[in-house]
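Structural characterization, general
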Amino acid sequence: MADIIDGKMISNQIKEECRETVEKEKLERALAVVLVGDDPASAVYVGNKKKACDFCGVKSVSHELPASTTEEELLELVDKLNRDDSINGILVQLPLPSHIDEDKVIRAISPDKDVDGFHPENVGRLSIGQPGYVSCTPAGIIQLLKRSGVEIAGKSCVVIGRSNIVGKPMALLMLRENATVTICHSKTRDLPAVCKQADILIVAIGRPKMIDASYVKEGAVVIDVGIHRQENGKLCGDVDFDSVEPVASKITPVPGGVGPMTIAMLMHNVVYGNGADADMPWIAI
């Protein structure tokens, strides 16, 4: 029976560390959060980010714009925030309305304020081993593994999914931690056989309960990035928890696993910076 990796507990540890650093170093940190439109899920996420800012002693500057906001207006706001020295982190909540080019907006954010870690420059920094902001969910998974006592170096890691937000940066981070990494996707042949080679299996495929015990090696560590609402109203992940839990050595639940780590690592990015500024008390993840 697997040990359950408690994402809530670990995320609270990280936020507490952020709060202590802000208080001890007397840091002044401010996160600008931009929400365009009235998507209910996005509004909940933004609300949770504001609460995390309050807890960590970070100033939250909210810009809630109507869905009719033009791309030009949004880009003007981003430019203004880039030039505002009192703001050290900018987050534009995704998804954006269909008439706005998300890629253009992401590229408009200064790489040195890109606390989401989505800007191509920060992705490039990660790929060549330079300090920079790292996408929050993959960074959070690294913390889940390390703080749960999982040895990464030398282990075989399989990442299912190749998205720019999770799969690709996750593979790069595991490589940085000296794992041997395989990325799987929709064209991978004999996916169960490939996954069964993994000591650490990270699932970000976007299909509810797709991964069952037939994909998992005995004693593997299983990280479930997916989150879906079932017909009965309950949440589930990409992993069939009931099937996999007896086989794995450690596993993340849904909810309460990877999810809470995303906001915790956002706070980490805001408080500690991108690692490129020697004056910032940055802590390597």
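Relevant structure appears above.
Residues numbered from 1 in each chain as written. Predicted model: local features only at pLDDT ≥ 70, side-chain atom pairs only at ≥ 80, totals over all residues. Heavy atoms only, no water.

1. A short note on the overall build of the protein
Secondary structure summary: the protein contains 10 helices and 11 strands in total. For a compact globule of 285 residues, the expected C-alpha radius of gyration is about 19 Å, and the protein comes in at 19 Å, within 12% of that figure. Seen along its three principal axes, the alpha-carbon backbone of the protein occupies a region of about 50 × 40 × 35 Å. Across the 285 residues in the protein, those meeting the buried criterion constitute 49%. In the protein, the proportion of contacts linking residues at least 24 apart, taken out of those at least 6 apart, comes to 69%. Counting 31 positive and 40 negative side-chain charges, the protein places the centres of these two groups 3 Å from one another. (Helix = DSSP H or I, 4+ residues; strand = E, 2+ residues; numbered from the N terminus. Rg over C-alpha atoms; globule rule 2.2 N^0.38 Å. Buried < 20%, exposed > 50% of the residue type's maximum accessible area, 1.4 Å probe, protein only. Contact = heavy atoms within 4.5 Å. Lys, Arg positive; Asp, Glu negative; His and termini not counted. Charge placed at Lys NZ, Arg CZ, Asp CG, Glu CD.)

2. Overview of helix 5 (residues 120–127)
Listed as buried for helix 5 are Asn122, Arg125 and Leu126. Looking straight down helix 5, one finds that the buried residues subtend no more than 100 degrees of arc, so they occupy a single side. On its buried face, helix 5 is in contact with helix 7 (167–176). Immediately beyond the C-terminal end of helix 5, within one or two residues, lies glycine 129, with a positive phi of roughly 80 degrees. (Arc of directions from axis to C-beta.)

3. Here we look at empty space enclosed by the protein
If you roll a probe as big as a water molecule over the atoms, it shows you where there is empty space left. Applying the stated criterion across every chain yields a total of three cavities of 30 Å³ or more. Its volume calculated, the second largest cavity comes out at about 80 Å³. At the level of elements, strand 4 (89–92) and helix 4 (102–108) are the ones that each hand at least two residues to the lining of the second largest cavity. Within the lining of the second largest cavity, the residues separate by chemical class into eight nonpolar, no polar and two charged. (1 Å grid on protein atoms, 1.4 Å probe; cavity = no way out; pocket = protein on both sides within 12 Å on 5 of 7 lines; lining within 4 Å. Points joined across faces, edges and corners; volume = space filled by probe spheres on them. Nonpolar A, V, L, I, M, F, W, Y, C, P; charged D, E, K, R; others polar.)

4. A word on the sheet that holds strand 3 (residues 59–65)
In spatial order, the strands read 3-2-4; together these three strands make up an open sheet with parallel pairing. Strands with a single pairing partner mark the edges of an open sheet, and in this sheet they are strand 3 and strand 4. Recorded for the sheet is a direction-independent mean angle of 15 degrees between the axes of neighbouring strands. Relative to strand 3, strand 2 (residues 30–36) runs parallel, the two sharing seven bridges. (Pairing = 2+ DSSP bridges. Axes fitted to C-alpha atoms, helices over the stretch in contact; angles between N-to-C directions.)

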